[in-house]
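# A closer look at the structure
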Amino acid sequence: MPAGPGEVAVHTGTVRSWTAGAAGLVVTSHVSADPDAVRALDGQRVWVATDAGGDGGGVVPHAVFQAVAQAHRADELALTGVMLLASETRRGAVRAPASVPVHVEGGGTATDTRTVDLSRSGLRLEGADLPVDAEVDVSVHLDEGLDVHARGHVLRVDDETGEAVVRFVELDRDAAEALERTVLTELARRPRD
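Quick look at the structure, then.

Parameters and conventions
- Residues numbered from 1 in each chain as written.
- Predicted model: local features only at pLDDT ≥ 70, side-chain atom pairs only at ≥ 80, totals over all residues.
- Heavy atoms only, no water.
- Salt bridge = Lys/Arg side-chain N within 4 Å of Asp/Glu carboxyl O.
- Helix = DSSP H or I, 4+ residues; strand = E, 2+ residues; numbered from the N terminus.
- Buried < 20%, exposed > 50% of the residue type's maximum accessible area, 1.4 Å probe, protein only.
- Pairing = 2+ DSSP bridges.

## Details of the pattern of salt bridges
Under the defined criterion, the tally for this structure stands at 8 salt bridges. Close ionic contact of Arg151 with Asp137 constitutes a salt bridge, the shortest N to O distance being 3.1 Å. Linking Arg151 in strand β11 (residues 147-157) with Asp137 in strand β10 (residues 135-141), this pair joins segments that are 14 residues apart in sequence. With a relative accessible area of 25%, Arg151 lands in the partly exposed category. A salt bridge links Arg173 to Glu177, with the shortest nitrogen-to-oxygen separation between them at 2.9 Å. Of this pair, Arg173 and Glu177 are both found in helix α2 (residues 173-189), 4 residues apart, which corresponds to roughly one turn of the helix. The exposure class assigned to Arg173 is exposed, which follows from its relative accessible area of 56%. Connected through salt bridges with shared partners, the residues Arg73, Asp75 and Glu76 form a single ionic network.

## Some details on the pairing of strand β8 (residues 109-118)
In terms of strand pairing, strand β6 (residues 96-97) meets β8 through 2 bridges, oriented antiparallel. Considered in β8, the bridge of Pro97 is made with Asp117. Here 6 bridges tie strand β7 (residues 101-106) to β8, and the two strands are oriented antiparallel to one another. Bridge pairing in β8 links Gly106 to Thr109. With antiparallel pairing between neighbouring strands as the criterion, β7 and β8 make up a hairpin whose turn holds 2 residues, including Gly107 at a positive phi of roughly 60 degrees.

Everything listed is a geometric property; what it means functionally is a separate question.
Laid out in structure tokens, this is it:
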């Protein structure tokens, strides 16, 4: 998706090659994509979110980075000058610290709270008083005025802080992409060391 101001579009592709420099700070990647996407993104500064897929054991981590996209072939982009913003090898998606309003129903309770962090695969909530293993309905109120609805499963609750970790078990593609845009925006706002 383009990183600049204006309309945001989501494009998908397949990583053909991936190399990371020292400490993973600079990444170079070639990505197969639809020719229309290659034309649209050629010369653009973009945000990229990778999904290692399957068991996550591939050479491409779950990562978020910024790049300049250049058409390498009619159906392939070269992503260069990439600064890694986040990488996650243990989870199914990159997450970002974010405090957004959430309404949660399930486990015998209904509550309004805020997120501590979120990703396209789940979120961590401020003291929501939810039981572990509860199935819950979650409505996340994103900055862009969009409500994202998902069905989730409470994985754990911290006894000290009351923070609850919820993994999404039902989430449609549009909702997942809206959450990913929010994660990318939050990561881009963070100062880099």
